[in-house]
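Coordinate analysis (summary)
So the chains spell out like this:
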Amino acid sequence: MAEVKLTLKVSLHVPLDVSVISPDNFVGKSLEEIRSLNVWEGNRKARLDGFFEVEGETASSVENLTILLRGNGSKFRKLGRGMSNGKILVEGSAGLYLGEEMSGGTISVNGEVGSWCGTRMKGGLIEVKGNAGDYVGASYRGSTEGMKGGVIIIHGSAGNEVGAWMQNGLIKIFGDVGQFAGIHLQNGTIYILGNSEGRVGAQMKNGKIIVLGSVPAILPSFSFEEIRDKVKAGEEKVAGPFYVFSGDIVENGDGRLFISRKNNLHLKFFEKL
């Protein structure tokens, strides 16, 4: 597999739109053509090689192309936007809107990412070894189109509104999450191995949210259904037992919350209902 290496050679002080950096845009181009691609530093258009050292080997097919990106990309915006195949490997942080609207391929970040990671994603895999900001796999503000497919794995924690307006796919968070995980969830699975700050599944219509850690409370618009020994998250079988709730009744929803029984003893009163 061919690999194009990009090394950030300047310190960034304003956001840098790097949506041009994706295997789809690099495939079939020479290194000189890649160097001459345009990025946006704030509202200023500039050449890619004004910010990155570009070296390596190009490819004629997108599935055989990997982009290795090194440097502190916390000011990046829209890395891998709309990519359909190939790989992006990031040694560092990756900023906002990582993998926006991507439909295939893999993005792996050995660092942290900002908000809207995987927003409106349609397919593929995003894996982040560190923490993520708010709105993982969510819609834009004012939109009802969240993630439609694919897989997002966050090995650290994430902020508020994970999977807001999510329509399909899988989000797996190894750490904790903020409030309103799965708000307006339409379908798909959100699997949280850590704790939630609360209001899980508010206004969800369908889909599944699994929490292995603790939750402060269950919203009153959910009904207790049963205790279940296990649940599936994608192809993974997750051992319980779990309190199972259905809702959100306010939205005439038929979603399911699977909340760890062991780590939520304050919910034990539901067993008497």
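Coordinates for the structure precede this section.
Below is a summary of the structure that appears in this document. (Residues numbered from 1 in each chain as written. Predicted model: local features only at pLDDT ≥ 70, side-chain atom pairs only at ≥ 80, totals over all residues. Heavy atoms only, no water.)

1. Overview of the overall build of the chain
The helix and strand tally for the chain stands at 2 helices and 19 strands. Here the C-alpha atoms of the chain give a radius of gyration of 20 Å, agreeing with the 19 Å that 2.2 N^0.38 yields for 273 residues. Dimensions of the chain, computed from the C-alpha atoms along their principal axes, are close to 70 × 35 × 30 Å. Burial status across the chain gives 51% buried among its 273 residues. Within the chain, residue pairs in contact and separated by at least 24 positions form 39% of the contacts whose partners lie at least 6 positions apart. Looking at the chain as shown, the accessible area adds up to about 11,600 Å², and 44% of this sits on carbon and sulfur atoms. Here the chain holds 31 positive side-chain charges and 30 negative ones, and the gap between their average locations is 2 Å. (Helix = DSSP H or I, 4+ residues; strand = E, 2+ residues; numbered from the N terminus. Rg over C-alpha atoms; globule rule 2.2 N^0.38 Å. Buried < 20%, exposed > 50% of the residue type's maximum accessible area, 1.4 Å probe, protein only. Contact = heavy atoms within 4.5 Å. Areas by Shrake-Rupley, 256 points an atom, 1.4 Å probe, with all protein chains shown as cover. Lys, Arg positive; Asp, Glu negative; His and termini not counted. Charge placed at Lys NZ, Arg CZ, Asp CG, Glu CD.)

2. Some points on the environment of Leu-79
Within the secondary structure, Leu-79 is located in the loop between strand S7 (76-77) and strand S8 (87-91). Owing to a relative accessible area of 0%, Leu-79 belongs among the buried residues under this scheme. Linking Leu-79 and Glu-100, residues 21 residues apart in sequence, is a C-alpha distance of 7.7 Å. Leave out the neighbours within four places in its chain, and Leu-79 touches Val-18, Ile-21, Leu-69, Ile-88, Val-90, Ala-94, Tyr-97, Leu-98, Gly-99 and Ile-107.

3. Considerations on the side chain of Ser-221
The residue Ser-221 is located in the loop between strand S16 (208-211) and strand S17 (223-233) in this model. A distance of 2.8 Å separates the side chain of Ser-221 from the side chain of Asp-248, its partner in a polar contact. Sequence-distant contacts of Ser-221, that is, excluding residues within four places in its chain, are made with Ser-246, Gly-247, Asp-248, Ile-249 and Val-250. (Polar contact = N/O pair within 3.5 Å; in protein donor to acceptor, adjacent residues only side chain to side chain.)

4. As for the pattern of salt bridges
Taken as a whole and judged by the stated rule, the model has 14 salt bridges. For Glu-101, the salt bridge goes to Arg-81, with nearest N and O atoms at 3.9 Å. One end of the pair, Glu-101, is in the loop between S8 and strand S9 (106-109); the other, Arg-81, is in the loop between S7 and S8, and 20 residues separate them in sequence. Residue Glu-236 pairs with Lys-172 through a salt bridge whose shortest N-O separation is 2.9 Å. Here Glu-236 is found in strand S18 (residues 236-247), whereas its partner Lys-172 is found in strand S12 (residues 170-173), with 64 residues between them in sequence. Of the residues examined, Glu-236 reaches a relative accessible area of 32% and is grouped as partly exposed. On the basis of relative accessible area, Lys-172 is assigned to the buried category, the value being 14%. (Salt bridge = Lys/Arg side-chain N within 4 Å of Asp/Glu carboxyl O.)

5. Thoughts on the pairing of strand S19 (residues 255-260)
Burial runs high along S19: 5 of the 6 residues are buried. In the sheet, S16 pairs with S19 via 4 bridges, with the strands oriented parallel. Across the sheet, Ile-210 pairs through a bridge with Phe-258, a residue of S19. Relative to S19, S18 runs antiparallel, the two being bridged by 6 bridges. Looking across to S19, one finds that Phe-245 is bridged to Leu-257. (Pairing = 2+ DSSP bridges.)

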